[in-house]
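This is what each chain is made of:
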Amino acid sequence: MADPRGFLKHARADAPKRPVDERLGDWQEVYAALSTEDRKAETATQAARCMDCGIPFCHSGSAGCPLGNLIPEWNNMVRRGQWQDAAERLHATNNFPEFTGKLCPAPCEAGCVLAISPEAGGAVAIKRVEETIAEVSWANDYVSAQVTEAHTGKRVAVVGSGPGGLAAAQQLTRAGHEVTVYERDDRIGGLLRYGIPEFKMEKSVLDRRLAQMRAEGTRFITGCEVGVDLTIEELRAGYDAVVLAVGALRGRDDTTIPGRDLKGVHLAMEHLVPANKECEGDGPTPISAQGKHVIILGGGDTGADCYGTATRQGALSVTQLDNYPQPPTTRDDDRSPWPTWPYILRTYPAHEEAGERKFAVAIEEFVGDGEGNVRAVRLREVKVQRDENGRRQVVPVSDEVQEIPCDLALLAIGFDGVEHMPLLDGLGISLTKRGTIGCGSNWETTAPGVFVCGDAHRGASLVVWAIAEGRSVANAVDAHLTGASQLPSPVHPTALPLAVG
């Protein structure tokens, strides 16, 4: 059993990061390289803080991990030095723990019993333990191709190669189906490839997992837009089932801001994608922050990704703007009681490196230089409220206007759902009011034999939810093709994180 006093003996310690000057000089991951033995020892100490609670909210589907990761079990195995056992237990519920260990914001830690009170020293460093198990697994060859000998003769097309599509593809391949993943970009990975900056997850991490999937029999086709390069007729004739994992990449814009059409004002992904392509060796990005004053509108993950990318490109300054007031540094039990996701100030490694953040402000105008280029932004203090119909409003609270220099403005204000594409028109699928693809209780869309998972179904969400939905849709497709399925199905299509209404 676990040590019930472990959290009293050991303080929480997150993974050490490289010095700021060092990491700003390259695109490598921000965390310091430790020897395997030092890393294992430090992580075992952190795992020892887990009490193996009688009711472990950390792997509750609504308050913690939607994958149902058996966190107390692999924490105890790590504490005892049973790394191979921990690897098997972790991979039993998560196809890609190296992705979640690096990229997931860890709702499991928000649901940890040690997160109830600051006096407990903070939640168990679950994310650090998970990522270390994954890396130890690769280093010690605990990860290998799982090649099935039983083939069903059924063919499945997965459209989109983000984490949801990859999880569905791996599960279905292992169930004996012939799976082909179609990706319209030139490389596999979706947002894992071209949305996530290299300093958050080096693409070699993605490539080694793709090599495993290829060895298992999954087939990948890049540069192919289904519905255009592969017609709907060819799709229907060639496959017994289709999984749509096309993401929710329609970036939210705000064309009401005067000056939005000036050169130098872009949606966030217009900056991140070519920056990642440059890291892949495809040549210089056409939208670089080098030598520029950069303004980022939006305080979430995408904004932080733009922030860290801009500083590495050599920006003169970086300022991130948020319409909302600065959140508290500790959980407000009235607003977001345990075990819900806490409303607190989240500081990413990028924020420690350079630049500044401004809260409760909005861009009143993008100011041009007279030649069609943005040169500054004018800001007003604001508050966010709801009108009588519940619609969000950003209302000025001061007449004072602040003007700050801006040569590059990036709008990281979210996503409006699935992009409009010939594939959906050809299948006769309409988007919901939320801009997503709807489905029934078995993940099947209104088009027979066509299923959906990930952000395309849920809207822009977390990598862990995408993997959970990919695993679940694989169960549904397997049952559709064979009559029954033994594949796990961790979430229902209507599942939502626990929240306070």
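Conventions used here
Residues numbered from 1 in each chain as written. Predicted model: local features only at pLDDT ≥ 70, side-chain atom pairs only at ≥ 80, totals over all residues. Heavy atoms only, no water. UniProt positions renumbered as here; feature names shortened; annotations may be inferred. Helix = DSSP H or I, 4+ residues; strand = E, 2+ residues; numbered from the N terminus. Salt bridge = Lys/Arg side-chain N within 4 Å of Asp/Glu carboxyl O. Buried < 20%, exposed > 50% of the residue type's maximum accessible area, 1.4 Å probe, protein only. Core = buried A, V, L, I, M, F, W, Y, C linked by side-chain atoms within 4.5 Å. Domains from an automatic or database assignment. Contact = heavy atoms within 4.5 Å.

As annotated in an unreviewed UniProt entry, the protein is Glutamate synthase subunit beta from Saccharopolyspora elongata. As its UniProt record puts it under Pathway (unreviewed entry), the protein is described as follows: "Amino-acid biosynthesis."

Novice: Whenever I open this one, the UniProt feature "domain: FAD/NAD(P)-binding" (unreviewed entry) in the protein confuses me. Can you help?
Specialist: When the UniProt feature table is mapped onto this chain numbering, "domain: FAD/NAD(P)-binding" (unreviewed entry) sits at residues 155-470. The straight-line gap between the two end C-alpha atoms of residues 155-470 is 17 Å; of that span, 25% is helix and 23% is strand.

Novice: Sorry, what's going on with the pattern of salt bridges here?
Specialist: Between side chains of opposite charge, pairing is possible as soon as their charged atoms come close. Enumeration according to the criterion identifies 36 salt bridges in this entry. Note that Lys102 and Glu131 form a salt bridge whose closest N and O atoms lie 2.8 Å from each other. Taken together, the residues span a long stretch of sequence, with Lys102 in helix H6 (residues 97-103) and Glu131 in helix H8 (residues 126-139) at a distance of 29 residues. For Glu131, a relative accessible area of 12% gives the class buried. One network of salt bridges, in which partners are shared, links Asp186, Arg187, Arg193, Asp207, Lys277, Glu280 and Asp282.

Novice: Please explain the nonpolar core as it appears in this structure.
Specialist: Within the largest apolar cluster, 66 residues are counted, with the highest numbers of intra-cluster contacts made by Ile133, Val156, Leu166, Val243 and Val477. With ten residues, the single largest contributor to this core is helix H17 (residues 463-482). Looking at which domains feed residues into this core, each of domain 1 (6-140) and domain 2 (155-249 + 421-482) gives three or more. With near-sequence residues (within four places) excluded, Ile133 lies in contact with Trp74, Val78, Trp83, Ala86, Ala87 and Leu90. By size, the runner-up hydrophobic cluster in this structure holds 23 residues, among which are Ile232, Leu423, Leu424 and Ile429.

Novice: What am I meant to see in unusual backbone geometry here?
Specialist: The general pattern is negative phi for most residues beyond glycine and trans for most peptide bonds. Between Trp338 and Pro339 the backbone carries a cis peptide bond, its omega angle lying at 5°. Structurally, the position occupied by Pro339 is in the loop between strand S7 (317-322) and strand S8 (356-359). A positive phi angle, near 70°, is found at Ala106, a position not held by glycine. Residue placement: Ala106 occurs in the loop between H6 and helix H7 (107-110). On the basis of relative accessible area, Ala106 is assigned to the buried category, the value being 6%. The backbone of Trp443 sits at a positive phi, close to 70°, despite the residue not being glycine. Looking at where Trp443 falls in the secondary structure, it is placed in the loop between helix H15 (422-427) and strand S14 (450-452).

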